[in-house]
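Reading the structure
Residues per chain are reported as follows:
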Amino acid sequence: MSSVRLLGTALTMSSLVLGLLGLLEDPTAACQNLTSSLGVEKTAVSPLDIRYINSRTSYWNTKLDAHAPACVVYPEDAEDVSLVLKVVRETGSRFAIKAAGHNTNDLFSSVEDGVLIDLTHMTGKSYDESTTLATYEPGSSWGDLYEYYLQYGRTVVGGRVYDVGTGLALGGGMSYLSPQYGMACDSFRELEVVLPSGDIVTASSTDNPDLFFGLRGGGGNAYGVVTKYTVQSRPIGTLYAGNLLYILDHREQILNATRDFILYNTDPKAAILMNFNILTTPDLDLGLDQACLMFLVYDGEDPGDAYANFTAIPHLLNTLGPKTYPEVANLPIPKLAVLSRADNVFRIGVHRADDDSYRTAFEKFYQWSQDNKGDYTYIHMDYNPVPRSLTDASKAQGGNAMEMPDGPWFWAEYTLTTPPLISQKKYDEIQASFKAMVDGTPNAQGLPYFLNEAHADQDALKTFASYSRLQQIKQRYDPDGFFANKTGGWSFS
C-alpha cells in the first residue's frame, strides 16, 4: 500500500505540470503505467482478453460496443480509483467510468482509445442493524443488492430491473418503492467519492454538503467517482405484484386508467409503470403491432382495488400474485436487461396529468410509429408517475438536485430500437426523425427531466431549478475541466 501511495503522490505533483499544460495525451502510456502499478490482475490491455471483451460488449445500447478502449482497469477500492485517475490525468488520456453500462448515451460510460474504468469488481456490501443503514459499492446490480438485504427483511431504494447497475441512483433512480420513500438518491446518507484531483472524500449533509447535493441526481459522475454508498434501508416483505399484458387495440382504456391512477391514487404502497410497445410489423388496422405491459407492484399482500381499472381491461396475461422483491425486479422475465440489449436509445418528456398532454404525447408517439414502419425494430413509451407522496418523501429527506415540484405529474420515457445492420446514414436519419417527434411534443413548464432516461442532446440539467448551483459545484470540484474535457457526461455549459 505504501508504494501505491508514494506513486500517487508523485503522480499528483507531475500532473500539476503535465496535465495542466496538456503536453501529453498518451493512452498507451496510461495503460502501461496502470499495468505496472495495479498489476495484470486489475488491468486488461489485449482486445482478446475475455475480461476486456466482456467490459467492452456489455452495454445495453449495443452501438457503444464499437468503442475500443486502449485498456480496461478493474479497481477494487477507492485507493485504486484514485491511482487510476492520477495516471490518466498525468498522461492526458481520455477515460470513461462504467458500472453496468445501462446508460444509452454515447461516451458517457464508453471510451475510444482511452482508459475504461470498470467498477464491477467493487461489490462489497453490509448492513448495520443498529442504524438500519445499508452500505454498498458500485459494482453490484440492484438484484444482487435486493437478494443480499432480503436476509435482514430490508431492501434499498433502487432500480426496477434486476440487472441494472447502481449508477442509476446518481441520476435520480426511480423505484417501485419511490411513492413511499422518494427517489433512490433521496436515500443517500453518506458517499465515498474520489474527486477529479484523486483525493478521497466523504460527501454527506455535513461533509462537503454541496458535493452531496450535486450527487443526489444532479449529473452522475460529473463531480467524481462514487466508490461507496451508505443509504437508508427500508423494510420489505411479501409484495403483491405482476404484469398485465394487453394486445390488440386497448390504448384508449389503458391511457385513461393510467391517467386516473396518476391523478387519483392515494395509496403510496401502490406503484405502476405503463410500458407500451410497438413493433415495426404492420397493424392491419387491428392493433396487431402493439402490446402494452403494465407493471403493477404493491408493497404488501392486499392492494384492495388500487389496480381495478387495469384488471377490468381485457388482457391476455395476468401474473399478479405474491412475490419477493427480487422476483419483482425480474418482472416480466429474468435477465431482461441482458436479453433486451440492442441498438437502444432513450429520450425523455415530462407532463402534468390534469390536462390533455398525457394523450397528446402518446398520439404523437403512436403516429410516428405508424409513419416510420421498417425504420425501427420496436419502440416503446413508458409513463412513470411522480405522485405527491414521492415528492413529499423526497423533501422530508432534504430533497435532491432536481428540486422536484409537488406531484402528481409524470415522466414519459421513449425508447427507440433500430435494426443492427442499417447504414450510419440511415441510422442518423431515423434518430433525427425520432428526436424531432419527441422535441415537437410540448413538455410541462417548471418540471425537471429525468437524467436516467434523457438523451445527451436534451440538456436535461438545464431543466433543473438548481442548474446554476450545479454549475458552481461542477466548477469547484472539477476546476481545471479534467472530467469535463476527458470523459463524457452531461453538459454544464
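Look a little higher up for the structure.
On a predicted model such as this, the values are computed, not experimentally measured, just so you know.

Thresholds applied
Residues numbered from 1 in each chain as written. Predicted model: local features only at pLDDT ≥ 70, side-chain atom pairs only at ≥ 80, totals over all residues. Heavy atoms only, no water. Helix = DSSP H or I, 4+ residues; strand = E, 2+ residues; numbered from the N terminus. Rg over C-alpha atoms; globule rule 2.2 N^0.38 Å. Buried < 20%, exposed > 50% of the residue type's maximum accessible area, 1.4 Å probe, protein only. Contact = heavy atoms within 4.5 Å. Areas by Shrake-Rupley, 256 points an atom, 1.4 Å probe, with all protein chains shown as cover. Lys, Arg positive; Asp, Glu negative; His and termini not counted. Charge placed at Lys NZ, Arg CZ, Asp CG, Glu CD. Salt bridge = Lys/Arg side-chain N within 4 Å of Asp/Glu carboxyl O. Disulfide = S-S within 2.5 Å. Phe/Tyr/Trp six-rings, centres within 6.5 Å; stacked < 30°, edge-to-face > 60°. Pairing = 2+ DSSP bridges. Axes fitted to C-alpha atoms, helices over the stretch in contact; angles between N-to-C directions. Parallel < 35°, antiparallel > 145°, perpendicular 65-115°, else oblique. Left-handed = near helix turned anticlockwise from the far one by under 90°.

Counting its regular elements, the protein chain contains 16 helices and 19 strands. A compact globule built from 493 residues should have a C-alpha radius of gyration of about 23 Å, and the protein chain, at 22 Å, falls within 12% of that. If you line up the protein chain on its principal axes, its C-alpha atoms span 70 × 55 × 40 Å. In the protein chain, which comprises 493 residues, the share counted as buried stands at 58%. A fraction of 73% describes how many contacts in the protein chain between residues 6 or more apart in sequence connect residues 24 or more apart. Summing over all exposed atoms, the protein chain offers an accessible surface of approximately 19000 Å²; the carbon and sulfur share of this is 53%. For the protein chain, the distance from the average site of its 37 positive side-chain charges to the average site of its 58 negative ones is 3 Å.

Inspection of the entire model under this criterion finds 20 salt bridges. Connected through salt bridges with shared partners, the residues Arg388, Asp392, Lys395 and Asp406 form a single ionic network.

This part is about the state of the cysteines. Tallying each qualifying case throughout the model produces one disulfide. Between the sulfur atoms of Cys31 and its disulfide partner Cys71 the distance amounts to 2.2 Å. Taking the sign of the S-S torsion, about -90° here, the bridge from Cys31 to Cys71 comes out left-handed. Linking Cys31 in helix H2 (residues 27-38) with Cys71 in strand S2 (residues 71-73), this pair joins segments that are 40 residues apart in sequence.

Here the distance between the centres and the angle between the planes together describe a pair of aromatic rings. Across all of its chains, the model carries 26 aromatic pairs by this definition. Judged by centre distance (4.9 Å) and plane angle (85°), the ring pair of Tyr148 and Tyr149 falls under edge-to-face. Judged by its relative accessible area of 22%, Tyr148 falls in the partly exposed class. On the accessibility criterion, Tyr149 (0% relative accessible area) is buried. Ring plane angle 85° and centroid distance 6.4 Å describe the contact between Tyr414 and Phe434, whose orientation is recorded as edge-to-face.

On to the sheet that holds strand S1 (residues 43-44). Spatially, four strands are ordered S1-S2-S4-S3 in an open sheet, and the strand pairing comes out mixed. The open sheet terminates on both sides in strands that have one partner only, identified here as S1 and strand S3 (95-98). Helix H4 (residues 78-91) contacts S2, S3 and strand S4 (115-118) of the sheet and is inclined by roughly 170° relative to S4.

Following both chains from N to C, one finds H2 and H4 inclined at 150°, their axes separated by 9 Å at the closest point. Classified by the angle their axes make, H2 and H4 are roughly antiparallel. Both H2 and H4 take part in a crossing whose hand is right-handed. Contacts between H2 and H4 involve Ala29, Ala30, Asn33, Leu34, Ser37 and Leu38 from the former and Asp80, Leu83, Val84, Val87, Glu90 and Thr91 from the latter.

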